[in-house]
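Letter by letter, the chains look like this.
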Amino acid sequence: MKTNGLGKLVILWSIFTSILAADRWALIEASRGGQVAEAEFILNQRSLNFSVCERLFCRKRLRLAQTAVNMALCGAARNNQAAVAEMLLKRSYGKLGPDQGGIDLAFSKAVKGGSEAVVGIMLSRPQASILERLIWIGQLQPTKSSIIDAYRNSIVDGNIAIIRLLAPYVPLSERLNQGVGTGLAFEIHNFSNARVITKESSSSSLVTAKIVKLIDAVSQHMLASLAGVDLIPYRDAEKIVKEAVEKFIPVEKQALAKEAVLYRLASDSDYEEQLSIVVTFVQAHHKDKMEQWIFGFVNESITAYVNSSNSTSCSKGIRERASTGLRGIDTELDKLFAQAEGPLLMRNWLKKWNLKEINDETKQGLVRLLKEKGINGKSDVEDVANTFRKIAKEELILHDVQDNEVLHEEIEIYADSMFEEYYGTVLKPYVVK
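Quick caveat, the model's predicted, so the values are computed rather than measured.

Here we look at the pattern of salt bridges
This model, assessed by the stated rule, comprises nine salt bridges. Glu86 serves as the salt-bridge partner of Lys90, at 3.3 Å between the closest nitrogen and oxygen. According to the relative accessible area criterion, Lys90 is exposed, its value standing at 53%. In the salt-bridge network here, residues are joined through shared partners; they are Arg389, Glu412 and Asp416.

Okay, structure coming up:
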C-alpha cells in the first residue's frame, strides 16, 4: 500500500516528535543527575527558533518546548544540582532557557527540598527590569511574592538554613509579622510541630521514651485509647460535626465554619480519617466536652488570618486544629500539650515587644529591662539589639526552651529587624528620659 504525500509528512512528523520527546527526557534526567555538559549539549541542539514552514517540513531540528526546560530546572532544584541550575539560569538571550514561571516553580521546589545551594544561586541573581521580563532579556530571579511564600513555608517547616537565606530578600514588614512566628496562623504550626517526649511500655515492662511531634503524639494517644473501638465513619462524623456547629457556633459564623472544616477538605482521605478518629475519641471518652472541642477546632480555623482578605486557616492548620482543639479535654493529652507550650509562650513574649504597635506602658517596660542590663541614652542600636538578645535568651531558659534552634533564629531576626528600624524613633526617647 502506497503512502501519499500527507501520509509521509505525518510519518516524518511522528519520527521527529519522538526524537524530540527522547531529548526532552534526556535533558530532564541529565539535570536531575548533575550532568552539566550533557544538559547543555541537548539545549544547544534544540534551542534555535524556526519558522512554521521549517517546522512543518522538518528541514531543521525542532525546538524543545518551554516546559521541558522548566522541568529540567525543577529537577536540578529538587536534587540540589547547583551547577546545572546555574547553567540553565545563565542561558543568554536567544537561547532557550527557563522562563519566569519555571523559575518560580523551581524556586519553590528548591526551598521545600532544602536545596540551599540552588536557593542561594537563584536569590543572588540581579533583578531584571519590567522591560527585560517582558521580552525575556537579562537575569530573571524569583518574584517577590514567591520569595515571601517560600519564607512563610520555611517558617512553618522550621527550616532554619533556608530562613536565613531568604530573610535579606523579604520585606521588613513581613519579617516582623511572620519572622517571629506571630499570628494565630503560625502559632498552630509552631505548636503542632513542637517536639514532646512520649513513653511507651513494652512486653518486657521496659518503658521507652521517644521524642516526636506533638501532633503525632496526640494521634498516637487517641488511637491507643480507641483500641477495640470501631471508628465512626467519616460521613457520620461529618454529620456529628455539622450538628455541633449548628448548636454551638453563632449563626453568622456557621456557613464559614462548615466550609472550613467540612467542605473545604472533602475528599482529602488523610483529613477524613483524622476527623473520624477525633470525633470517635470525643464521643467515646468526652462526649460532654463536644462544645469545648468544637469551639477550639472551628473558631480558630475561621479566624487564623483575621486581618487578611481570607480569614480561614490553611488546610494544614485545619487538620492540626482538629487535634489541638482537644486542649483542656483529656488529662493525658494535656500533659503532652504542656510540653509544647514553652515555645508558644516564648513566641507570645516576643510578640509583646512589637515596636510597630507597642503602647506607652509596654515601651516603658521594655526600656526598664534594657536599662537593667546597662543600656542608656548613649548606647547605639547595636548595643541595644545585643542586650535584647541576652534578655530573650534568659527568657528561653525560663520557659525551658533554650535548645530550640528555631526560637534562637527568630530572636535574631527580631533583634536585627525591629531595633534597626524602630529603636531611634519609637524607643530611644524613653531611654534618654
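Points about the packing of helix α13 (residues 214-225) against helix α19 (residues 331-352)
The N-to-C vectors of α13 and α19 enclose an angle of 175 degrees; their axes lie 10 Å apart at closest approach. Between α13 and α19, the crossing angle belongs to the class labelled roughly antiparallel. Within the contact between the two elements, α13 uses Leu214, Ala217, Val218 and His221 and α19 uses Glu332, Leu333, Leu336, Phe337 and Ala340. For the contact of α13 with α19, the per-class residue count stands at seven nonpolar, one polar and one charged.

Overview of the packing of helix α21 (residues 381-398) against helix α22 (residues 405-431)
At a minimum axis separation of 9 Å, α21 and α22 run at an interaxial angle of 145 degrees. Relative to α22, α21 is oriented so that their crossing is right-handed. Judged by residue contacts, Val381, Val384, Ala385, Phe388, Arg389, Ala392, Lys393 and Leu396 of α21 engage Leu407, His408, Ile411, Glu412, Tyr414, Ala415, Asp416, Phe419, Glu420 and Tyr423 from α22. Here the contact of α21 with α22 is built from residues that sort into 12 nonpolar, one polar and five charged.

Here we look at unusual backbone geometry
Located in the positive-phi region is Asn80, a residue other than glycine, with phi close to 60 degrees. Mapped onto the elements, Asn80 comes out in the loop between α4 (66-78) and α5 (82-89). One non-glycine residue, Asp400, lies in the positive phi region at around 60 degrees. Structurally, the position occupied by Asp400 is in the loop between α21 and α22. The exposed category is assigned to Asp400, whose relative accessible area is 60%.

Quick look at the packing of aromatic side chains
Within this structure, the stated rule accounts for six aromatic pairs. On the numbers, 5.8 Å between centres and 80 degrees between planes, the contact of Trp349 with Trp353 is edge-to-face. Classification of Trp349 by relative accessible area gives buried; the value is 11%. An angle of 75 degrees between the planes, with centres 6.4 Å apart, marks the rings of Tyr414 and Phe419 as edge-to-face. Residue class for Phe419 comes out buried when judged on its relative accessible area of 1%. These aromatic residues form a ring-pair network of at least three members: Trp349, Trp353, Phe388, Tyr414 and Phe419.

A closer look at the environment of Ala217
With respect to the element layout, Ala217 can be found in helix α13. In this structure the C-alpha to C-alpha distance between Ala217 and Ile197, which are 20 residues apart in sequence, comes to 8.4 Å. Leaving out residues up to four positions away in the same chain, Ala217 has contacts with Val196, Thr198, Val212 and Leu336.

A word on the nonpolar core
Counting residues in each nonpolar core, the largest one holds 42 residues, and the members touching the most others are Val241, Val261, Leu275, Trp293, Phe297 and Leu326. Residue assignment for this core shows that the elements contributing at least two residues are α13, α14 (234-248), α15 (251-263), α16 (269-285), α17 (290-301), α18 (315-324) and α19. For this core, the leading source of residues is α16, giving seven residues. Residues contacting Leu326, with those up to four places away along its chain left out, are Val218, Met222, Val278, Phe281, Val282, Trp293, Leu333, Asp334 and Phe337. Of all hydrophobic cores here, the second largest spans 39 residues; its members include Leu89, Val111, Val118 and Val119.

Quick notes on α16
Here α16 contains 17 residues, and its C-alpha end-to-end distance of 24 Å stays within 8% of the 24 Å for a straight helix at 1.5 Å per residue. For α16, every residue scored as buried is listed here: Tyr271, Glu272, Gln274, Leu275, Ser276, Ile277, Val278, Val279, Thr280, Phe281 and Val282.

Details of the side chain of Asp330
Within the fold, Asp330 resides in the loop between α18 and α19. Nearest to the buried, unbridged Asp330 among oppositely charged side chains is Lys289, at 8.5 Å. A polar atom in the side chain of Asp330 sits 3.2 Å from the side chain of His221.

A look at the confidence of the model for the protein chain
Chain-level pLDDT for the protein chain is 76 on average; 73% of the residues reach the 70-or-more range. For the protein chain, the element scoring lowest by mean pLDDT is helix α3 (residues 52-56), at 44; α14 scores highest, at 92. The low-confidence segment residues 8-13, where pLDDT is below 50, has seven contacts with residues more than four positions distant or belonging to other chains. Below pLDDT 50 for its whole length, residues 305-311 participates in 12 contacts with residues either more than four positions away or in separate chains.

Comments concerning helix α6 (residues 100-112)
At 3.6 residues per turn, the α-helix brings residues three or four places apart onto the same side. Between its first and last C-alpha atoms α6 spans 18 Å; for 13 residues at 1.5 Å apiece the expected length is 18 Å, and the two agree. For α6, the set of buried residues is Gln100, Gly102, Ile103, Asp104, Ala106, Phe107, Ala110 and Val111. Gly114 sits one or two residues past α6 and shows a positive phi near 70 degrees.

Each value, and the rule that gives it
Residues numbered from 1 in each chain as written. Predicted model: local features only at pLDDT ≥ 70, side-chain atom pairs only at ≥ 80, totals over all residues. Heavy atoms only, no water. Salt bridge = Lys/Arg side-chain N within 4 Å of Asp/Glu carboxyl O. Buried < 20%, exposed > 50% of the residue type's maximum accessible area, 1.4 Å probe, protein only. Axes fitted to C-alpha atoms, helices over the stretch in contact; angles between N-to-C directions. Helix = DSSP H or I, 4+ residues; strand = E, 2+ residues; numbered from the N terminus. Parallel < 35°, antiparallel > 145°, perpendicular 65-115°, else oblique. Contact = heavy atoms within 4.5 Å. Nonpolar A, V, L, I, M, F, W, Y, C, P; charged D, E, K, R; others polar. Left-handed = near helix turned anticlockwise from the far one by under 90°. Phe/Tyr/Trp six-rings, centres within 6.5 Å; stacked < 30°, edge-to-face > 60°. Core = buried A, V, L, I, M, F, W, Y, C linked by side-chain atoms within 4.5 Å. Expected span 1.5 Å × (residues − 1). Lys, Arg positive; Asp, Glu negative; His and termini not counted. Polar contact = N/O pair within 3.5 Å; in protein donor to acceptor, adjacent residues only side chain to side chain. pLDDT = per-residue confidence, 0-100.

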